[in-house]
Amino acid sequence: MRLTELSVKDFLATLSGDSPAPGGGSVSALAGALSAALCTMVARLTLGKEKYGGAWQAMERLRDEADSLCSTLLKLVEEDSSAYNRVVEAFRMPKDNPGARQEAIQSAYREAASVPMETLRAASGLAGLVKTALDQGNPNCLTDAGVAAQLVRAAATGAAYNVRINLPAIKDRDFTSKLATETSELLDRVEASLKEIETIVKDRLERDDA
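Heads up: these notes are all about the structure in this document.

1. Things to note about the overall build of the protein chain
Part 1 of the argument: Looking only at helices and strands, the protein chain features six helices and zero strands.
Part 2 of the argument: Dimensions of the protein chain along its principal axes, counting C-alpha atoms only, are 70 × 35 × 30 Å.
Part 3 of the argument: Per-residue burial for the protein chain yields a buried fraction of 42% across its 210 residues.
Part 4 of the argument: Pairs at least 24 residues apart make up 74% of the contacts formed inside the protein chain by residues separated by at least 6 positions.
Part 5 of the argument: Accessible surface for the protein chain amounts to roughly 11,200 Å². Of this, 52% is attributable to carbon and sulfur atoms.
Part 6 of the argument: Counting 25 positive and 30 negative side-chain charges, the protein chain places the averaged centre of each group 2 Å from the other.

2. Focus on the environment of Arg 173
Part 1 of the argument: As for its position among the elements, Arg 173 is in helix H6 (residues 173-209).
Part 2 of the argument: According to the relative accessible area criterion, Arg 173 is partly exposed, its value standing at 48%.
Part 3 of the argument: If we ignore the near neighbours within four places in the chain, the residues touching Arg 173 are Leu 167 and Pro 168.

3. A closer look at the layout of surface pockets
Part 1 of the argument: Size it by volume and the largest pocket reaches roughly 230 Å³.
Part 2 of the argument: Surrounding the largest pocket, 18 residues form its lining, Asp 80, Tyr 84, Ala 112, Asn 162 and Asn 166 being those nearest its centre.
Part 3 of the argument: At the level of elements, helix H2 (24-46), helix H3 (56-91) and helix H4 (98-136) are the ones that each hand at least two residues to the lining of the largest pocket.
Part 4 of the argument: It is H3 that provides the largest number of residues to the lining of the largest pocket, a total of five residues.
Part 5 of the argument: Looking at side-chain class alone, the lining of the largest pocket contains eleven nonpolar, six polar and one charged residues.
Part 6 of the argument: Taken as a whole, the second largest pocket holds about 200 Å³ of empty space.

4. What about the environment of Val 115?
Part 1 of the argument: Relative to the elements of secondary structure, Val 115 occurs in helix H4.
Part 2 of the argument: The class of Val 115 is buried, set by a relative accessible area of 7%.
Part 3 of the argument: For the pair Val 115 and Ser 82, spaced 33 residues apart in sequence, the C-alpha to C-alpha distance is 9.7 Å.
Part 4 of the argument: The residues contacting Val 115, other than those within four sequence positions of it, are Leu 76, Glu 79, Asp 80 and Ala 83.

5. A look at the pattern of salt bridges
Part 1 of the argument: Applying the stated criterion across every chain, the model contains ten salt bridges.
Part 2 of the argument: Put simply, Glu 182 and Arg 121 hold a salt bridge, and the shortest N to O gap is 2.7 Å. Within this pair, whereas Glu 182 is found in helix H6, its partner Arg 121 is found in helix H4, the two being separated by 61 residues in sequence.
Part 3 of the argument: The closest approach of N and O atoms between Glu 191 and Arg 153, which form a salt bridge, is 2.6 Å. In this pair, Glu 191 is assigned in helix H6 and Arg 153 in helix H5 (residues 142-164), connecting sequence segments 38 residues apart.
Part 4 of the argument: Bridged by salt links that share partners, the residues Glu 118, Arg 121 and Glu 182 form one connected network.

6. Looking at unusual backbone geometry
Part 1 of the argument: In this chain, Ala 21 is followed by Pro 22 through a cis amide linkage whose omega measures 5 degrees.
Part 2 of the argument: Note that Pro 22 resides in the loop between helix H1 (8-15) and H2.

Definitions and cut-offs
- Residues numbered from 1 in each chain as written.
- Predicted model: local features only at pLDDT ≥ 70, side-chain atom pairs only at ≥ 80, totals over all residues.
- Heavy atoms only, no water.
- Helix = DSSP H or I, 4+ residues; strand = E, 2+ residues; numbered from the N terminus.
- Buried < 20%, exposed > 50% of the residue type's maximum accessible area, 1.4 Å probe, protein only.
- Contact = heavy atoms within 4.5 Å.
- Areas by Shrake-Rupley, 256 points an atom, 1.4 Å probe, with all protein chains shown as cover.
- Lys, Arg positive; Asp, Glu negative; His and termini not counted.
- Charge placed at Lys NZ, Arg CZ, Asp CG, Glu CD.
- 1 Å grid on protein atoms, 1.4 Å probe; cavity = no way out; pocket = protein on both sides within 12 Å on 5 of 7 lines; lining within 4 Å.
- Points joined across faces, edges and corners; volume = space filled by probe spheres on them.
- Nonpolar A, V, L, I, M, F, W, Y, C, P; charged D, E, K, R; others polar.
- Salt bridge = Lys/Arg side-chain N within 4 Å of Asp/Glu carboxyl O.

Structure representation (structure tokens):
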């Protein structure tokens, strides 16, 4: 059965087992999917309410974009686990054909770095959606948007870890340099967006407490 078809309880049981896959990469993608789902929830809790009518168009876009990213990230939950397993399979290949074995290992490592890179790219896109949810969504969903932001951070940071851990094993320096640079740039972009979001959430919570 696919990981994303498991119940929450069964997914956690699988995750906590003695197999290294699924692991941190799949969990990072899942964190992103949860963030996207929260954004969609905010959009749907805003649409149809007359007093937020001015935001409906933005919320329709938010709903559709967040739904799309959620689907992408759920696929990445599966793909990250599969990518790890392909690395293991490559190392288990017979050593009587070292060229073919090394080629398979390199291909598997490139995939193992590329999948979390896709998760990081998706998380980067999510940061903007969270900001839209916060700025134009139902204000009663303030903390939902705030939690979505924290999940973006978990998804992005975790994905970056999983990109970086695979790069030293890859011999293609152009490939590794490109991924390393993009990883740093996307993390910086995500962190800047999240700092802004966190300031807004904190200010609104403090205003509500006053």
